[in-house]
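Remarks on the overall topology
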Amino acid sequence: MKSVVIQQPDVLKIEDRPLPEPAAGEVRVKIKLAGICGSDSHIYRGHNPFAKYPRVIGHEFFGLIDAVGQGVDASRLGQRVSVDPVINCGHCYPCSVGKPNVCTSLVVLGVHRDGGFSEYATVPAKNAWVIPDAIPDENAVMVEPFTIAANVTGQLNPQENDVALIYGAGPMGLVTLQALKGVYKVKQVIVVDRIEERLAMATCSGADLVINNGQKPLQETLDEQGIKPTIIVDAACHPTILAEAISLASPAARIAIMGFSSEPSQIVQQGITGKELSIFSSRLNAGKFPVVIDWLSHGLIDPTKLVTHQFDYQQVTDAIELFEKDQRHCCKVLLTFSE
């Protein structure tokens, strides 16, 4: 089989590898589609501290089960599945309180263990979620990105009378926007970015107001319109955002951080306690695959609004470079592995 392998930072090869056999409790998935995420680019460029090389990247993937390991019912053969990349132990403290995404022995497919940019991949059977026939392949491959939105919004507990502000109109900002509008019916969702084309994508995905904060200070724009956000989501991950979010937030607001910036943020404690703000962080997803599959089944979200490009997997280098360089026109890129 062919696999996309990052042999070391900046060295990507499509290698011939033996067809893997599923171990006990596993299934083998014949990959049909996979999505490119920023973390795939970070591993390729050597900027992901969690990855070890060589590594088959890819943690957003969909396909058909074509083999099962010992202990897995043969009735699973042929199932259309989207794969949860989060593998957890099930018994440590985070797992016991419903946070398998920060398991003390966390393994993420495509990061700590070979992932889905391959013609075949073996995964734990419990991580292969069945996709209803009514959900098309192009939507099924997008389940994982929307689980990120399900995870963060699940912590924020949005209400219809909330006013939400999202920093960043990239894929993570846009999936969160769709969740807030389509699922939670939030009254007003504002998206902030410095790229006009990305703001247009946000409008297409349901944003009530878009703001280019490269033109004048965001505080000034919101003050002019009398807006005090009750929910703020940082999907842009710049270290200066948290301090600004604390300043902009309404009293009793909730703030969520989705990024992995290693640079320090300078904040004033009084700004948090004076308003009794709640600050959350969100990593990966904590068992949110069935939630998103249900969203898709009920037409509450529309992944097609995010997908801008599709490539054959043999063009993966071109696909990643486009993803990295063309933020104006490129949002979500899919790789095709089989028909």
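Here, every reference points to the structure presented above.
As a starting point, this report considers the structure included with it. Counting starts from 1 at the beginning of each chain's written sequence and moves along it residue by residue. It should be noted that, the model being predicted, local features are given only for residues of pLDDT at least 70 and side-chain atom pairs only at 80 or more, the latter also being counted only at that level, while totals for whole chains, interfaces and linings use all residues. No hydrogens and no water enter the side-chain calculation; it runs on all heavy atoms of the structure.

1. Here we look at helix 11 (residues 316–325)
Residues separated by three or four positions in an α-helix point in the same direction, a consequence of the helix having 3.6 residues per turn. What counts here: Residue exposure (1.4 Å probe, protein chains only): buried if accessible area is under 20% of the type maximum, exposed if over 50%, otherwise partly exposed. We count a stretch as a helix when DSSP gives it H or I for four or more residues in a row; a strand needs E for two or more, and each element gets its number in order from the N terminus. The directions considered for the arc run from the helix axis to the C-beta atoms. Two residues form a contact once any of their heavy atoms are found within 4.5 Å.
Residues of helix 11 that are buried include every one of Val316, Ala319, Ile320 and Phe323, and no others. All buried residues of helix 11 project into a common sector of 95° when viewed along the axis, lining one side. In this structure, the buried side of helix 11 is in contact with strand 1 (2–8), strand 2 (11–16), strand 3 (26–36), helix 1 (38–44), strand 17 (307–312) and strand 18 (332–336).

2. Here we look at the sheet that holds strand 4 (residues 55–56)
As a reminder of what qualifies: Two strands form a pair only when DSSP identifies at least two bridges running between them.
Taken in spatial order, the three strands of this open sheet run 2-1-4, and their pairing is antiparallel. Edge positions in the sheet fall to strand 2 and strand 4, since each of these pairs with one other strand and no more. Pairing analysis gives two bridges linking strand 1 to strand 4, with the strands arranged antiparallel. Counterpart to Val5 in the pairing with strand 4 is Val56.

3. Overview of helix 8 (residues 241–248)
Those residues of helix 8 not exposed but buried are Ile241, Leu242, Ala245, Ile246 and Leu248. On an axial view of helix 8, the arc spanned by its buried residues comes to 165°, and they lie on one face. Against strand 11 (163–167), helix 7 (218–224), strand 14 (231–234), strand 15 (254–257), helix 9 (269–273) and strand 16 (278–281) lie the buried residues of helix 8.

4. Section: the sheet that holds strand 16
By way of backbone hydrogen bonds, the strands of a sheet pair with one another, either parallel or antiparallel. For clarity, the cut-off: Note on method: axes are straight lines fitted to C-alpha atoms, helices fitted across the in-contact stretch only, with angles between N-to-C directions ranging 0 to 180 degrees.
Spatially, the six strands line up as an open sheet ordered 13-12-11-14-15-16, and their pairing is parallel. The open sheet terminates on both sides in strands that have one partner only, identified here as strand 13 (209–212) and strand 16. Along the sheet, successive strands turn relative to each other by an average axial angle of 15°, direction set aside. The strands touched by helix 5 (residues 171–183) within the sheet are strand 11, strand 12 (188–193) and strand 14, with strand 11 carrying the most contacts at an inclination of about 170°. With respect to the sheet, helix 8 is in contact with strand 11, strand 14, strand 15 and strand 16, its orientation differing from that of strand 11 by roughly 165°.

5. Quick word on the nonpolar core
Defined as follows: Nonpolar cores are built from buried Ala, Val, Leu, Ile, Met, Phe, Trp, Tyr and Cys residues. Side-chain atoms within 4.5 Å join them into one set.
Residues Val27, Val29, Ile36, Phe61, Phe117, Val123 and Leu335 are the most contacted members of the largest nonpolar core, which totals 44 residues. Among the elements that make up this core, the one with the highest residue count is strand 3 (five residues). Setting aside residues no more than four positions away along its own chain, Ile36 makes contact with Glu60, Phe117, Ala319, Ile320, Phe323, Lys332, Val333 and Leu335. Ala202, Val233, Ala256 and Ile293 belong to the second-largest nonpolar core, a separate cluster that totals 43 residues.

6. Describing the packing of helix 4 (residues 143–156) against helix 5
Put simply, the rule reads: Roughly parallel covers angles under 35 degrees, roughly antiparallel covers those over 145, roughly perpendicular covers 65 to 115, and oblique covers all other angles. The crossing is said to be left-handed when, going from far helix to near helix, the turn is anticlockwise and less than a right angle, and right-handed when the turn is clockwise. Residues were grouped as follows: Ala, Val, Leu, Ile, Met, Phe, Trp, Tyr, Cys and Pro as nonpolar; Asp, Glu, Lys and Arg as charged; and all remaining residues, including Gly, as polar.
For the pair helix 4 and helix 5, the least separation of the axes is 8 Å and the interaxial angle reads 60°. Relative to helix 5, helix 4 is oriented oblique. Judged by the sense of rotation from one axis to the other, the crossing of helix 4 with helix 5 is right-handed. Packed against helix 4, whose contacting residues are Pro145, Phe146, Ile148, Ala149, Val152 and Thr153, the element helix 5 presents Met172, Val175, Thr176, Gln178, Ala179 and Leu180 at the interface. Grouping the constituent residues of the contact of helix 4 with helix 5 by class yields nine nonpolar, three polar and no charged.

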